[in-house]
Amino acid sequence: MGLARQAHRALALGDYGAGGAQAAGALGLDGAHAAAGAARALAGARTGRLDEGLSDAEKALALDPDNKQAHEAKMRALNAAGRYNDALVAALAALRSDDSNALAHYMSAMAYNG
């Protein structure tokens, strides 16, 4: 199993430290790996490393504009940083990519009902 896949498995189990480390390892092997970038972005956003998470999410989205985890990481990082308007813009972009994205629906509804 590749490092990016191991990172996603660790994140799914809630082990953000291991997920971030495995994603970083995968990025060390292939810096243009969208899935690994998205995994590290989500780990960063969930563990308070907001700038790192946002940067990784934006890089992953540049490689794969439809990457759901990268959209989630970007929304979470922006929201946690108090950048609510930017989080709304990110949620709307996520919905353009996948209109069934539950987190994007939630975040956009919260912004409009704020």
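Preceding block: the structure.
Residues numbered from 1 in each chain as written. Predicted model: local features only at pLDDT ≥ 70, side-chain atom pairs only at ≥ 80, totals over all residues. Heavy atoms only, no water.

Take the nonpolar core next. M75, L78, A91, A104 and M107 are the most contacted members of the largest nonpolar core, which totals 13 residues. Breaking this core down by element, the ones donating at least two residues are α5 (68-80), α6 (84-97) and α7 (102-113). Filtering out sequence-adjacent residues up to four positions away, L78 remains in contact with L54, R83, D86, A87 and A90. (Core = buried A, V, L, I, M, F, W, Y, C linked by side-chain atoms within 4.5 Å. Buried < 20%, exposed > 50% of the residue type's maximum accessible area, 1.4 Å probe, protein only. Helix = DSSP H or I, 4+ residues; strand = E, 2+ residues; numbered from the N terminus. Contact = heavy atoms within 4.5 Å.)

Once that is clear, we can look at α6. A rise of 1.5 Å per residue sets the reference length of α6, with its 14 residues, at 20 Å; its end C-alpha atoms lie 20 Å apart and thus fit the reference within 8%. All of the buried residues along α6 are A87, L88, A90, A91, A94 and L95. Down the axis of α6, the smallest arc covering the buried residues is 160°, so these residues share one side. Exposed side of α6, more than 90 degrees from the buried face: N85, V89 and R96 are the residues found there. (Expected span 1.5 Å × (residues − 1). Arc of directions from axis to C-beta.)

The terminal C-alpha atoms of α5 lie 18 Å apart, and with 13 residues this matches the ideal 18 Å at 1.5 Å per residue to within 8%. Residues Q69, A70, H71, E72, A73, M75, A77 and L78 constitute the buried set of α5. Two or three places before Q69, at the opening of α5, N67 has a side-chain oxygen 3.1 Å from that residue's backbone nitrogen. (Polar contact = N/O pair within 3.5 Å; in protein donor to acceptor, adjacent residues only side chain to side chain.)

Here we come to the environment of A102. Tracing the chain through its elements places A102 in helix α7. Sequence-wise, A102 and A91 are eleven residues apart; in three dimensions their C-alpha atoms are separated by 10.0 Å.

Here the focus is the packing of helix α4 (residues 50-63) against α5. In helix packing, the relevant descriptors are the interaxial angle and the interaxial distance, both defined with respect to the helix axes. Between α4 and α5, whose axes approach to 8 Å, the crossing angle comes to 150°. One element, α4, and the other, α5, form an angle in the roughly antiparallel class. At the point where α4 passes α5, the crossing takes the left-handed sense. Contacts between α4 and α5 involve L50, L54, A57, E58, A60 and L61 from the former and A70, H71, A73, K74, A77, L78 and A80 from the latter. Partitioning the contact of α4 with α5 into residue classes produces ten nonpolar, one polar and two charged. (Axes fitted to C-alpha atoms, helices over the stretch in contact; angles between N-to-C directions. Parallel < 35°, antiparallel > 145°, perpendicular 65-115°, else oblique. Left-handed = near helix turned anticlockwise from the far one by under 90°. Nonpolar A, V, L, I, M, F, W, Y, C, P; charged D, E, K, R; others polar.)

Enumeration according to the criterion identifies four salt bridges in this entry. Close ionic contact of E58 with K74 constitutes a salt bridge, the shortest N to O distance being 3.9 Å. Here K74 lies in helix α5 and E58 lies in helix α4, a separation of 16 residues in the sequence. For E58, a relative accessible area of 39% translates into the label partly exposed. A relative accessible area of 23% places K74 in the partly exposed class. A salt bridge links E72 to R76; the shortest N-O distance between them is 2.8 Å. (Salt bridge = Lys/Arg side-chain N within 4 Å of Asp/Glu carboxyl O.)

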